[in-house]
Amino acid sequence: LKAARAVSLGRRLGRVTCPLRARRSRRVSDRERHRALEGGRPPRAHMSAMQADTTTADGRSGAIAYRVLEGGAPGPSVPIAQRLDHYFGVSARGSTVASEIRAGCIAWMTMSYIMVVNPMILSNASTPGNLLPPQSVMTGTALAAAFGSLVAGFLGDAPLGLMPGMGLNAYFAFGLCATFGVSWQEALSCCFVSGALLTALAVFGVCHFVVSVLLSEHLKKAITVAIGVFQALIGFQVMGLVVGSPDTLVTLGDMSLSNERLYLALAGFCAISAMLASGGVPGAMLVGIWLMAFCAWATGLAPPPAGIVALPEFGATLSISFDAWAPGSGKLTGMVVGTLVFLFVALFDLAGVQYGLMGIAGLLKDGAVPRSTSIFASAGLATMVGSLLGTSPVIIANESSAGIVEGARTGLMAVTVAVLFALSAFIGPLLSAVPQVATAVPLVLIGAFMMSPCRGIDWDNLRVAIPSFLTMTVVPFTYSIHTGIVAGIFMDGFLMVCARREKEGESHIFSPSKAPPSRQTTLEIRSATPHGPLTSCSVAKVESARQLLAALRPHASAADPSGADRDEALRKALEAYVETY
């Protein structure tokens, strides 16, 4: 009985048992069982079998279980790395626990700027006598990001970090509060209601409908590329390489040697690129970020941290107000408009970003994001929690791609980000001292990794190329992800309707007996450009078909009976293909 209890305990600890050894362990004589019941120790042979039945790679679990039953001190505990690996399926996705944690650190470093930037933007919602405390916003930002990333990691099992979204915070301060005259306490209620609606839409499958129906495959690929270009533009601006111009909108920044921040960024860019290209430096981006930070502190380009740890402040926590939702308040219209803007901007942003990032990680299943409902719900719940803590809506951070590029494939990366953001509430002085230029360089490099979906878009088909191109260009040029997504969706739907009407018109006007012999094929019509037909059936494809056809013809008669029909059908299809094109 004691042996059986040891085996059972070993199995509960997650041990993988061997059926043959399990049968051997059960072949114990009645005399040995009586000895075990009387307090005696089982024979050595049986003990070995029992230990082998509960042993893993560390070779210690069987002895641990037996020592526990004997009343002795427990042996070494089960390694936490093995538990994390088992829970998140790290090894099954081709990653390691160390890689996931390192990637989470890198993603957190690239995301941590939000703790400094978000309070600066939201502070514009303050009015005389009604100030929004920046330190409290920093605390709320950190805890909301921690909560959202934690939920996305455990429920969504996705390598996605969440944080208050850039753009949404600007609309909070300048669009909702300034335009509609809403106080920041009342604006927080708009965030809460939009988060609740987003969670409800996710549960009822509306969010999944948006991803699967409204976003076609080529648009999903285009969104990934657009986000990469957008992040690179942001990185170049922070570095100082690209600056605004009243004549050309953007232009080259100050390249003089006095612009030391730019040359620090360029040096960091080259160093991280060399480490990534060589492949011999784990955590190259994290190493590069801290190298640039230390260089900036040492050279005086950025002030060193005044401290490391500080207690978080909660001045804006639970300051939310629903008074403006009353029918006679006069602010109801602004509250409804603001809530809908928060909802739809977050919805389209989440739909595009999660597909793009999961595609980079290679985690799409049949072209869809697994557990997308949980990911949408995590953003909705985090937005509700964030509004109670005094911050703007929470969405998926584009900077999560930094962790994915580093090798993250599971929700363990998101959990790591959550833990670090929770700790960030206590190390605000240190994070505030990291220069923003140090976190801008990885954004540019990540853009290079997000260009690969371009090859999956059929650029010869204008029905596909135009919406894809529109999405890729509108996102960086308007500085808005959701604007580019909406533009692509509308253009995609418009061209779909036009192509359908054109097809119906052709079938009505031109019958096979009345069609002129010299008329272009439908493929040529749909692919034509002002510079000539751009058929997707290129000369190279036709030549490949001819070569395959030539190889099949000599063997057509000698083919085995089982595959004769198949080869004959293939030969006829190739002949028709070559004759047509």
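Residues numbered from 1 in each chain as written. Predicted model: local features only at pLDDT ≥ 70, side-chain atom pairs only at ≥ 80, totals over all residues. Heavy atoms only, no water.

**Quick notes on the overall build of the chain**
- Looking only at helices and strands, one finds 26 helices and 6 strands in the chain.
- A separation of at least 24 residues holds for 76% of the contacts in the chain among residues at least 6 apart in sequence.
- For the chain, the accessible surface area stands at approximately 27,800 Å², while carbon and sulfur atoms represent 64% of it. (Helix = DSSP H or I, 4+ residues; strand = E, 2+ residues; numbered from the N terminus. Contact = heavy atoms within 4.5 Å. Areas by Shrake-Rupley, 256 points an atom, 1.4 Å probe, with all protein chains shown as cover.)

**Some points on the nonpolar core**
- Judged by nonpolar contacts, the single largest core of 114 residues is most densely connected at Phe172, Leu198, Phe376, Ile396 and Phe421.
- The element that contributes the greatest number of residues to this core is helix α16 (residues 332-361), accounting for 14 residues.
- Those residues within four positions of Leu198 in sequence are excluded, and the remaining contacts are Cys207, Leu343, Leu347, Leu350, Phe376, Ala379 and Gly380. (Core = buried A, V, L, I, M, F, W, Y, C linked by side-chain atoms within 4.5 Å. Buried < 20%, exposed > 50% of the residue type's maximum accessible area, 1.4 Å probe, protein only.)

**Here's the deal with the packing of helix α14 (residues 260-278) against helix α21 (residues 436-449)**
- One can describe the packing of α14 onto α21 by two numbers: an axis separation of 9 Å at closest approach and a directional angle of 45 degrees. On the basis of their axis angle, the class for α14 and α21 is oblique. By crossing handedness, the relation of α14 to α21 is classed as right-handed. Counted together, Arg261, Ala265, Gly268, Phe269, Ile272, Ser273 and Leu276 of α14 and Val437, Val441, Val444, Leu445 and Phe449 of α21 form the full contact between these two elements.
- Here the residues of the contact of α14 with α21 sort into 9 nonpolar, 2 polar and 1 charged. (Axes fitted to C-alpha atoms, helices over the stretch in contact; angles between N-to-C directions. Parallel < 35°, antiparallel > 145°, perpendicular 65-115°, else oblique. Left-handed = near helix turned anticlockwise from the far one by under 90°. Nonpolar A, V, L, I, M, F, W, Y, C, P; charged D, E, K, R; others polar.)

**Some thoughts on the pairing of strand β3 (residues 249-252)**
- As paired strands, strand β2 (residues 242-245) and β3 are joined by 4 bridges and run antiparallel to one another. Across the sheet, Gly244 pairs through a bridge with Val250, a residue of β3.
- Between β2 and the antiparallel strand that follows it, β3, lie 3 residues. (Pairing = 2+ DSSP bridges.)

**Side note on unusual backbone geometry**
- Phi angles above zero are rare outside glycine, and Leu249 is one such case at about 70 degrees.
- Residue placement: Leu249 occurs in strand β3.
- Assessed through its relative accessible area of 69%, Leu249 is described here as exposed.
- Phi angles above zero are rare outside glycine, and Arg371 is one such case at about 55 degrees.
- Structurally, Arg371 can be placed in the loop between α16 and α17 (372-389).
- Residue classification places Arg371 among the partly exposed positions, given a relative accessible area of 47%.

**Observations regarding helix α19 (residues 411-424)**
- In this model α19 runs 20 Å from its N-terminal to its C-terminal C-alpha over 14 residues, within 8% of the 20 Å that 1.5 Å per residue would give.
- Burial in α19 covers these residues: Gly411, Leu412, Met413, Ala414, Val415, Thr416, Val417, Ala418, Leu420, Phe421 and Ser424.
- Check the buried side of α19 and you find it contacts α6 (80-88), α7 (97-111), α8 (114-122), α9 (134-156), α18 (400-405) and α20 (428-433). (Expected span 1.5 Å × (residues − 1).)

**A few points about the confidence of the model for the chain**
- Across the chain, the average pLDDT comes to 77, with 73% of residues at or above 70.
- This stretch, residues 13-76, has a pLDDT under 50; its non-local contacts, to residues over four places away or in other chains, come to 67 contacts.
- Taken as a whole, residues 507-538 scores under 50 in pLDDT and shows 31 contacts with residues more than four places along the chain or in a different chain. (pLDDT = per-residue confidence, 0-100.)

**Some remarks on the pattern of salt bridges**
- As enumerated under the stated definition, the model contains 4 salt bridges in all.
- The partner of Arg102 in a salt bridge is Glu406, and the shortest N-O contact between them spans 3.4 Å. Pair noted here: Arg102 is in helix α7 and Glu406 is in the loop between α18 and α19, with a separation of 304 residues, a long-range link.
- A residue is classified by how much of its surface remains accessible, and Arg102, at 24% relative accessible area, is partly exposed. (Salt bridge = Lys/Arg side-chain N within 4 Å of Asp/Glu carboxyl O.)

**As for α21**
- Burial runs high along α21: 11 of the 14 residues are buried.
- Within α21 the residues assigned to the buried category are Val437, Ala438, Thr439, Ala440, Val441, Pro442, Leu443, Val444, Leu445, Ile446 and Gly447.
- Each element contacted by the buried residues of α21 is listed here: α7, α13 (217-239), α14, α15 (284-299) and α18.

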